[in-house]
Protein chains: 2
Amino acid sequence: MSSYSIAIHGGAGTISRRRLTPDRQAAYTQALTQAILQGEAILKQGGTALDAVTAAVVSLEDCPLFNAGRGSVFTADGKNEMDASIMTGHDLNAGAVAFVKNVRNPIRLARAVMEQSEHVFLCGDGAEKFAQYCGLSFETDAYFFTQERYDQLLKAQREQRILLDHSEESADSVDKKHGTVGAVARDQYGNLAAATSTGGMTNKQFGRIGDSSIIGCGTYANNLSCAVSCTGYGEFFIRGVVAYDIACLMYYKNLSLDEACRIAIQEKQTQMGSDGGVVAVDAAGNVCLCYNSAGMYRAAIGQNRPLFVGIFEDNIALL
Amino acid sequence: MSSYSIAIHGGAGTISRRRLTPDRQAAYTQALTQAILQGEAILKQGGTALDAVTAAVVSLEDCPLFNAGRGSVFTADGKNEMDASIMTGHDLNAGAVAFVKNVRNPIRLARAVMEQSEHVFLCGDGAEKFAQYCGLSFETDAYFFTQERYDQLLKAQREQRILLDHSEESADSVDKKHGTVGAVARDQYGNLAAATSTGGMTNKQFGRIGDSSIIGCGTYANNLSCAVSCTGYGEFFIRGVVAYDIACLMYYKNLSLDEACRIAIQEKQTQMGSDGGVVAVDAAGNVCLCYNSAGMYRAAIGQNRPLFVGIFEDNIALL
């Protein structure tokens, strides 16, 4: 038995310090702490990386502070459409869903696709039908409604443009909320897993899908290299095939996890004019929390690693 | 000005020799020839790789012999739902659509997403709305109806299971048809492009999306390495992130195009129990047509390369 580790994120972007009051900061810190400790408890008891990342992401999906599950932003039609994906590193198995409504925990649906279907990627009404078939929990529109998210939609519609959820502009609402959520873990058996979930972009149109549901782009896991969950400008993360790029930089070029993440995010994404970040864990249990934006909601913990929770680069909360 | 090349595929899989009559073989050979010559004409005149792969895939989409566009298979609901993606290697720009109905040429829609939207990946009704916005051609259900495809659906439903379009079983219908279509090209300016389009799986349910619409999995292009279009068992091609894997094997490991394709398909996909193939072209204009199935509908031509059209491994048509 070797040591375990887990890392999570709750989105990256231009997080306005001015608007993130001490109370809000404390609320985010508490929510991140709760999510990562739920994942860690599973690893500590000898549970699997898959169960750990599922538990951590479910916790973040259930928290209205984050743009995933309950706290999902609104589309142009005033709906909450969610994407999620999950992958296990020992068998390269994967599941993903896009464009699903009213499913309480899209990450559980992605996992059901992986474990209970012959498919990897299900979409829309069909994915919801599969969720019913699997007996997953549904919630009413009211469950997903938060006034702040709705105000963000109205604001975006007034401005006649699509706001990236993690952009500075969306931080204008009094109680702003940011980003995708995700988790990566290495369990005591040396197996890796990654999971990502999102409510997409405020005021999104035309059935836009970002990187969060795309294996290789938003999520990837392989015991030979690493597990990665991304958050950021989805279009650029797709074009960069970011999650698999980090795995390839490690496996094909023998780079360390830190070097691989730095090249994929701080070099390549920066050159493309994109911002965002990743959480990643490698086969040895090393953890990397890497971003090129002003901040990333993030946390990490391991058997030999104290709990870390952070938001800004220089304003981290060490508990 | 350097030399151009282009390669296309019309699907891979277990193609039954017994059922592929000489007449049918001639029809496929003619359709592949027509498609690749349309792409080549553009390259010869100094056109772009992007225009060449678009023209070749449009030609294959318009031909009812192939499972894309007009010849798309039927879903469990008796609909024709199509996926497509396209990418350019000089700027890593990309466009993709999934789950679209009645759009005459899904590859044109993927290209419109790339060129006329801020997004990379659109899906379902929203993608169709975007197609209308861009003034793309729509067709009625009747246009997409072919009796043979419908018979395949009825047969699959009788057998209460989902048939991979390229499986031996689907070849039971008198006039069987196979696969995804795709094209890759290098133009005289050294730019690469890749395009892929499909009608998915016969009797597919739950909004299943395969690799054809996924950048990095079914389609990838980068002037630093290669352009790739995949066809095969979509779930395994997603899990293998096949198109980008080939690019990484070249760029990070300095392998040749042939070696990279062989590892990705003949080693990795074979080990996973999957079958399929790729067409690929590298920055130097080398072409690779690689598969681990019994056959792949394929063709290649270049400035310094005679026309090649093939179906089986040992039963190739050299024109």
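For the structure, check the block above.
So, a few notes on the structure that sits alongside this text. (Residues numbered from 1 in each chain as written. Chains lettered and ligands numbered in written order. Predicted model: local features only at pLDDT ≥ 70, side-chain atom pairs only at ≥ 80, totals over all residues. Heavy atoms only, no water.)

This part is about the packing of aromatic side chains. The final tally for this structure, using the stated rule, is 27 aromatic pairs over all chains. Both rings, one in Y28 of chain A and one in Y297 of chain A, keep their centres 4.3 Å apart while their planes meet at 25°; by these two values the pair is stacked. With Y28 of chain A in helix 1 (residues 22-44) and Y297 of chain A in strand 12 (residues 295-302), this pair connects stretches of sequence that are 269 residues apart. Of the two residues examined, Y28 of chain A and Y297 of chain A, each falls in the buried class. Ring geometry for F74 of chain A versus Y150 of chain A: centroids 5.2 Å apart, planes at 85°, classification edge-to-face. Here F74 of chain A is found in the loop between helix 2 (49-62) and strand 2 (82-88), whereas its partner Y150 of chain A is found in helix 6 (residues 147-158), with 76 residues between them in sequence. Aromatic ring contacts, followed pair by pair, group Y220 and Y244 of chain A together with Y220 and Y244 of chain B into a single cluster. (Phe/Tyr/Trp six-rings, centres within 6.5 Å; stacked < 30°, edge-to-face > 60°. Helix = DSSP H or I, 4+ residues; strand = E, 2+ residues; numbered from the N terminus. Buried < 20%, exposed > 50% of the residue type's maximum accessible area, 1.4 Å probe, protein only.)

Right, let's get into the sheet that holds strand 10 (residues 276-282) of chain B. Residues and elements named next belong to chain B. Pairing within the open sheet is antiparallel, and its 4 strands lie in the order 8-9-10-11. One side of each edge strand has no neighbouring strand; the edge strands of this open sheet are strand 8 (219-221) and strand 11 (287-291). Across this sheet, the average inter-strand angle for adjacent strands is 10°, counted without regard to direction. Pairing between strand 9 (residues 226-232) and strand 10: 7 bridges, direction antiparallel. Looking at strand 10, one finds that A227 is bridged to V281. On top of the sheet, helix 8 (residues 242-251) reaches strand 8, strand 9 and strand 10; it is set at about 145° to strand 9, its chief contact. Of the strands in this sheet, strand 9, strand 10 and strand 11 touch helix 9 (residues 257-272), which is tilted by about 15° from strand 11. (Pairing = 2+ DSSP bridges. Axes fitted to C-alpha atoms, helices over the stretch in contact; angles between N-to-C directions. Contact = heavy atoms within 4.5 Å.)

So, about the layout of surface pockets. By volume, the largest pocket is sized at about 740 Å³. Lining the largest pocket are 33 residues, with F99 and D125 of chain A together with F99, G124 and D125 of chain B sitting closest to its centre. At the level of secondary structure, the elements contributing two or more residues to the lining of the largest pocket comprise helix 4 (124-133) of chain A together with helix 4 (124-133) of chain B. A class-by-class count of the residues in the lining of the largest pocket yields 7 nonpolar, 10 polar and 16 charged. (1 Å grid on protein atoms, 1.4 Å probe; cavity = no way out; pocket = protein on both sides within 12 Å on 5 of 7 lines; lining within 4 Å. Points joined across faces, edges and corners; volume = space filled by probe spheres on them. Nonpolar A, V, L, I, M, F, W, Y, C, P; charged D, E, K, R; others polar.)

Glancing now at the interface of chain B and chain A. Listed by partner, the interface residues are 41 residues for chain B and 41 residues for chain A. Summed over the three residues of chain B that lose the most area to chain A, namely F206, R239 and Y252 of chain B, the buried surface amounts to 23% of that side. Connecting chain B to chain A are 0 salt bridges. In this assembly, chain B and chain A are joined by 18 residue pairs in polar contact (both at pLDDT 80 or more). Split into classes, the residues belonging to the side of chain B that touches chain A amount to 25 nonpolar, 7 polar and 9 charged. (Buried area = accessible area lost by both parts, 1.4 Å probe. Salt bridge = Lys/Arg side-chain N within 4 Å of Asp/Glu carboxyl O. Polar contact = N/O pair within 3.5 Å; in protein donor to acceptor, adjacent residues only side chain to side chain.)

This part takes up the sheet that holds strand 8 (residues 219-221) of chain A. Residues and elements named next belong to chain A. Read from one edge to the other, the open sheet built from 4 strands follows the order 8-9-10-11, with strand pairing classed as antiparallel. Of all strands in the sheet, those bounded by a partner on one side alone are strand 8 and strand 11 (287-291). On average, each strand axis in the sheet is inclined to that of its neighbour by 10°, with strand direction left out of account. In this sheet, strand 11 lies alongside strand 10 (residues 276-282) in antiparallel orientation, the contact comprising 5 bridges. Paired with V278 across the bridge in strand 11 is C290. In this fold helix 8 (residues 242-251) packs onto strand 8, strand 9 (226-232) and strand 10, with an angle of close to 145° to the strand it touches most, strand 9.

This part is about helix 9 (residues 257-272) of chain A. Residue and element names in this part refer to chain A. If you check helix 9, its first and last C-alpha atoms are 21 Å apart, about what 16 residues at 1.5 Å a residue would give, namely 22 Å. Residue I263 marks the point of greatest curvature in helix 9, where the axis turns by about 25°. Turning to helix 9, its buried residues number three or more, namely L257, A260, C261, I263, A264, I265 and Q269. In this structure, the buried side of helix 9 is in contact with strand 9, helix 7 (234-239), helix 8, strand 10 and strand 11. Looking one or two residues past helix 9, G273 carries a phi angle of roughly 85°, positive in sign. (Expected span 1.5 Å × (residues − 1). Bend = angle between axes of the 7 residues up to and from the residue.)

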